[in-house]
Each structure stands twice: as structure tokens, then as C-alpha cells.
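Geometric and topological summary
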Amino acid sequence: MMPQDPPRAGAVMKMLPKETWDIDTPTSLFYFAVDLLAVASTMGFLDVVVTSDNYHALPVWAQAVAVAPLQVLTGFAMWCMWCIGHDAGHGTVAKNEKWINRLVGEIAHSAICLTPFVPWALSHRKHHLNHNHLERDYSHQWFIREERDDLHPLIKASHFTRNLQLPILYFVYLFTGVPDGGHVYFYGRMWEGHSLKEKADAALSVVVSVATAGTLWYNMGTADFAVVCMMPWLVLSFWLFMVTYLQHHSEDGKLYTDDTYTFERGAFETVDRNYGKWINRMSHHMMDGHVVHHLFFTKVPHYRLEAATEALKKGMEEQGQGHMYKSIDTPDFTQEIIKQFDENWFFIDEKQVVRE
């Protein structure tokens, strides 16, 4: 009979190579520099095009068509940079130098990705500590499909308009605080129990984001700021929501309650997704190394995830628990997120909730 529970984190650690835990600051900063160059190059070229006489000689529709590929490319570069800031938020850019993590996070998230770093890191840590808990998880709202008729009218309206929301859901998350609390102005459950000092520290990240956006807007003008900065930001937002959603939604995924939840159970309900070799690599294995990341989110830097994941799969198979590791090939990822979000939104079936 196969074991019914996944292995404890300590047992998983023994499956992984010893270099898994090696956080090498120069390597981390190398990846940061590469992505910084990618964002500067793509956004800089986009700005050159948008401010050129040839661009302004085009009709509006032709302008939009001409810059769309550059906006997609710039948005993807920003997404890759967001992944570096994600490592900084977990303290895996530098092991002992907290100031390096903070500096990289402020540049990558607060400045480039207009995501206040410290508030995001706070809510994201709470997501990791409560992954796949029906009520305590962060970043995800879970609604029981069988109870949909009892939902608040505003939530029903959100479900009705779901297919219009994909590009703006990250904006809604950050600025309106749904569902975790505000990341720009501070309210909601994510701030419960946190001191004024902690809020003041988080406010510094907000200042960096607002100052960056305001400076660019003032110097570029509204039209160019929208085309060069905000449209790529929406592409980043789409990537972020797509990846996050698909990592935590699968047909056989389970949610747990206070009576049944354990950290390992939640971690093994996350899903590794294969988007393709080069997209996985450029995204710093955010998609195909997510199970290991959730198990050891403060210990494993992104450049160790690929080897660690292979070791995890081998170790789970050897213990007769390979079925507990979730991995899905998702080469048609844009079609998949549109399909899944349309069909399932944030609903889960009652049978997916493990209550006892």
C-alpha cells in the first residue's frame, strides 16, 4: 500500500544534492545584471521607436501594430526581472547580506516592476506558509463551486466579467488589496499584527515605486509613458498571473482545512509546469521548479531548482511516492490560462477539499 502522506521536508532534503543549498551571491548578481540589461535594452529600444518621426508619421492603428511585438518582448524581460526580485524577497540572492537582497528587491520589484517590494514580500511569505489552505492561503481566493449562489453580488459580478480581467488582475491585487490587503496603501488582513515600524519600512518601497512611475510619467508624457512603460507592465502582469494561477490549479488539486492541513501536503499540491526549455530557463525555473521552491522557499536559489527538481522526482519514485509529485507539460500556456480561467475562475469543487 502506498503511503498516503507526502514525505516530511526533512526527508525530502536528504533526496536533494548538497549544492542545492548553496546560495552564491556572485551568481545571483550575474543573473540580476543580465535581466537588468535585458529590460534596459528592450525598453530603451521601444522608447527610441516611439519617439521617432517615423513612428509619429503612422496612423494610430499602425503605431499600435508596430510597437506591439516590442511591448511583448519588454514585458517578458520585466517578468524575468520580477523573478529575480522574487528570489530577493525570499532572501536567496545573498545568504547573509540582507542589504543585498533588499537592494536587488527594490530595484527589480519597486522600481522596474512597480511592485512595492516589502509589502509584496510580506504577503508572499504568508502565501508560502499557508499554501493550498482553503481559508488562510494568500494570493489566491478559493470559492466552493457548489456555494456559488450564496456569493456576494460583487463577487458574482467579478465572475461574470472574468474574461475581461486577465491583463489587470495584478493591478487589482496590488492597488485595491483584493484579496490579501493593500500593497500601496496599507489595510486588510496582511497587515494585522504588524507594527508601525514595519509599515514605515514597507512604505519606503511604495515611495520607490511611486517616485519611479511619477518621474517617468513627468519626463515622458502620458502617451509615451503608457506605450513604453505601462503596456509592457500589463504584459508582465499577464505573465505573473498566468504562472501563479497555473502553479496552483490542477484537475486533481486539493485544498485543506485547519483539521487536515500540513505544510508538506500544501507544498505537494503545487504544480510544476513545463512551458518549454528556453522559457523555463529565462524565467529562472519559476514554472518547472515550483514544488521544490514551495518546500524550501528560503533555502534554494532559482539556479539550483532544475537539478533539485530532478533529484526530487527520482527520490519520490524510489520511495513509491512518485504519484504525489505534480508536473504538467504546458507548451500552449496562453491558451491554457484562458481556458482554465474561463472554465474554473477561482472555483474549486467540494470534493477537492480535504476536511477530515
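Look up a bit, the structure's there.
So, here is what we can say about the structure in this document. Predicted model, so just to flag it, every value in this text is computed and none were measured.

**Some thoughts on helix α9 (residues 196–220)**
Across its 25 residues, α9 extends 35 Å between first and last C-alpha, which sits within 8% of the 36 Å expected from 1.5 Å per residue. Buried residues belonging to α9 abut α2 (25–50), α5 (98–112), α6 (117–129) and α10 (222–247). Just beyond α9, the residue with positive phi is G221, at close to 90°.

**As for the nonpolar core**
Of all hydrophobic cores here, the largest spans 67 residues; its most connected members are W79, W82, Y170, W239, F241, Y275 and F341. Looking at this core, the elements with two or more residues in it are α2, α4 (60–89), α5, α6, α8 (169–176), α9, α10 and α15 (333–344). The residues touching W79, leaving out its near neighbours within four places in the chain, are L236, W239, L240, V243, S283, M286 and M287. Core analysis: the next-biggest nonpolar cluster, separate from the first, contains 18 residues, L16, L295, V300 and L312 among them.

**Remarks on the packing of α4 against α5**
Look at α4 against α5: their axes get within 8 Å of each other, and the N-to-C directions meet at 145°. Considering how the two elements wind past one another, α4 and α5 form a crossing that is left-handed. Here M78, M81, W82, I84, G85, H86, D87 and A88 of α4 lie close against α5, whose contacting residues are N101, V104, G105, A108, H109 and I112. Class assignment for the residues of the contact of α4 with α5 results in eight nonpolar, five polar and one charged.

**Section: the side chain of Q63**
Structurally, Q63 can be placed in helix α4. Among the polar contacts made by the side chain of Q63, one reaches the main-chain carbonyl oxygen of Y55 at a distance of 3.0 Å. Apart from the residues lying within four places of it in its own chain, the contact partners of Q63 are Y55, H56 and L58.

**Brief notes about the packing of α4 against α10**
Any two packed helices are characterised by the angle at which their axes cross and by the distance between the axes. α10 packs onto α4 with a crossing angle of 55° between their chain directions and a minimal axis gap of 7 Å. Viewed along their axes, α4 and α10 adopt a mutual orientation that is oblique. Judged by the sense of rotation from one axis to the other, the crossing of α4 with α10 is right-handed. Residue-level inspection shows V67, Q71, V72, T74, G75, F76, M78, W79 and W82 of α4 in contact with α10, the latter providing V227, M231, P232, W233, V235, L236, W239, L240 and V243. For the contact of α4 with α10, the per-class residue count stands at 15 nonpolar, three polar and no charged.

Cut-offs and rules
- Residues numbered from 1 in each chain as written.
- Predicted model: local features only at pLDDT ≥ 70, side-chain atom pairs only at ≥ 80, totals over all residues.
- Heavy atoms only, no water.
- Helix = DSSP H or I, 4+ residues; strand = E, 2+ residues; numbered from the N terminus.
- Expected span 1.5 Å × (residues − 1).
- Contact = heavy atoms within 4.5 Å.
- Core = buried A, V, L, I, M, F, W, Y, C linked by side-chain atoms within 4.5 Å.
- Buried < 20%, exposed > 50% of the residue type's maximum accessible area, 1.4 Å probe, protein only.
- Axes fitted to C-alpha atoms, helices over the stretch in contact; angles between N-to-C directions.
- Left-handed = near helix turned anticlockwise from the far one by under 90°.
- Nonpolar A, V, L, I, M, F, W, Y, C, P; charged D, E, K, R; others polar.
- Polar contact = N/O pair within 3.5 Å; in protein donor to acceptor, adjacent residues only side chain to side chain.
- Parallel < 35°, antiparallel > 145°, perpendicular 65-115°, else oblique.

The quantities given are spatial measurements derived from coordinates; they are silent on function.
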